[in-house]
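Residue-level structural notes
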Amino acid sequence: MDAAREAEPQEFDRVLSSMCTEPHPVARDAAERFLATNPGDPGTYPQVARLERRAISLLGDVAGLEAPAGYVASGGTEANIQAVRIARDRADSRRPNVVMPDSGHFSLRKAADVLGVDLRVVPLDDERRADLEAVRRAVDADTALVVGVAGSTEYGRVDPIPELAAIARESGALCHVDAAWGGFVLPFTDYDWSFADAPVDTMAIDPHKMGQAAVPAGGLLVREAALLDELAVDTPYLESTSQATLTGTRSGAGVASAVAAMEELWPDGYAAQYERSMANATWLAGELASRGFAVVEPTLPLVAAAVPAPLFDALREEGWRISRTAAGELRIVCMPHVTRASLESFVVDLDRLRGREHVPLVGGE
Ligand SMILES: *Cc1c(COP(=O)(O)O)cnc(C)c1O
């Protein structure tokens with residue numbers, strides 16, 4: 001009866017599959033304080049509207065954009081849908097298409113479906129990044145958007161963003177970078193992924209993933225404010241006159257917690273977290289490889305390894321929250337809540353279960 005009151009929220013210590021994490025304490029506090037505000041109605045809730053402008057300015061710092069425009073979305077899904085919407089509405093074509101690599105997030109399939117654009121999915125190269133030749137072949141006069149992924153969901157790969165942006169430019173299309181997960185770790189790597197590295201037009205970058213903000217806090221950034229105008233609709237009953245978001249009423253908690261997390265952690269806290277997460281991923285990859293599992297080398301803090309299905313299932317029964325890639329590999333995301341200690345106990349369980357289950361050493365999926 002009092003289910004919500006009695007249930008304990010789940011702990012994070014065995015969660016190895018999530019792209020979200022425990023919010024930073026300052027982010028949790030800010031979320032609670034702004035829970036009852038609605039940035040969708042900025043005339044009535046001006047404080048949270050101001051915080052949202054601050055959030056966009058901070059996201060601009062993270063993503064290398066000097067005069068950023070955008071808003072705090074419900075997540076990467078909304079940001080991706082809106083990026084496709086901007087490109088579609090800006091295109092002259094009557095049958096606009098979007099070109100994306102096979103590693104593109106499924107939210108872009110939703111976007112194509114909702115917005116009625118053709119999605120052209122192109123294959124990856126041997127490093128699981130967008131194959132540039134395939135992208136060039138797929139792009140034509142009807143292409144409204146070329147998508148690059150900076151931190152792919154399955155393997156953490158970063159597409160060649162400057163090259164993709166150049167292809168988009170040449171064909172008169174926009175370029176969108178999906179950095180929903182990777183955006184808060186990539187500033188500390190050598191990858192070219194940001195607005196500062198390439199003429200990227202729009203970006204998805206989520207504070208509620210590596211940014212350690214509370215859900216819901218996604219980010220849509222656009223290079224020029226004019227691109228956001230493509231989304232604006234009139235809002236007759238609100239004090240403000242137009243709205244660019246997909247949602248109407250939305251949570252001020254996400255906005256406030258995003259600001260709190262970024263003010264606390266950008267850049268040093270995020271840099272230190274990146275180092276810890278990457279060291280954990282490298283360590284785990286080494287442990288799995290030394291046991292004979294085929295490991296996909298982590299380039300961002302995400303490890304995939306071929307583990308036999310019975311062993312995978314046995315680990316799940318131990319309470320480990322783990323997920324699979326489309327190819328069936330074990331996939332572990334080294335989020336901030338994933339400590340070395342928890343990975344060590346995961347490996348201890350793995351060794352014990354391997355012995356007990358008599359499972360073959362090398363996974364074959
Ligand atoms: C998680 C993710 C998304 C979707 O974001 P949500 O916040 O879950 O809506 C989109 N793209 C990438 C690369 C992601 O990792």
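First things first, this report covers the structure right here in the doc. Bear in mind the structure is a predicted one, so any value in this text is a computation, not a measurement.

Regarding the site of the ligand
Taken together, 15 residues form the shell around the ligand, and within it Gly76, Thr77, Asp178, His208 and Lys209 come nearest. Within the side chain of Asp178, one N or O atom sits 2.6 Å away from a nitrogen atom of the ligand. Contacts to the ligand include Asp206, whose side-chain N or O atom sits 2.9 Å from an oxygen atom. Out of a free accessible area of 380 Å², the ligand has 86% covered by protein chains. Looking at the shell around the ligand, the element that brings in the most residues is helix α4 (residues 76–90), giving three residues. In terms of residue class, the shell around the ligand is built from three nonpolar, nine polar and three charged.

A short note on helix α9 (residues 252–265)
With 14 residues, α9 extends 20 Å from end C-alpha to end C-alpha; this agrees with the ideal 20 Å at 1.5 Å per step. α9 sits mainly inside the fold: 12 of its 14 residues count as buried. Of the positions making up α9, those classed as buried are Gly252, Ala253, Gly254, Val255, Ala256, Ser257, Ala258, Val259, Ala260, Ala261, Met262 and Leu265. The secondary structure elements touched by the buried residues of α9 are α2 (25–33), α3 (46–63), β1 (69–73) and α10 (268–290). Sitting at the head of α9, Ser251 places a side-chain oxygen 3.0 Å from the backbone nitrogen of Ala253.

Scoring rules and cut-offs
Residues numbered from 1 in each chain as written. Predicted model: local features only at pLDDT ≥ 70, side-chain atom pairs only at ≥ 80, totals over all residues. Heavy atoms only, no water. Near = heavy atom within 4 Å. Polar contact = N/O pair within 3.5 Å; in protein donor to acceptor, adjacent residues only side chain to side chain. Areas by Shrake-Rupley, 256 points an atom, 1.4 Å probe, with all protein chains shown as cover. Helix = DSSP H or I, 4+ residues; strand = E, 2+ residues; numbered from the N terminus. Nonpolar A, V, L, I, M, F, W, Y, C, P; charged D, E, K, R; others polar. Expected span 1.5 Å × (residues − 1). Buried < 20%, exposed > 50% of the residue type's maximum accessible area, 1.4 Å probe, protein only. Contact = heavy atoms within 4.5 Å.

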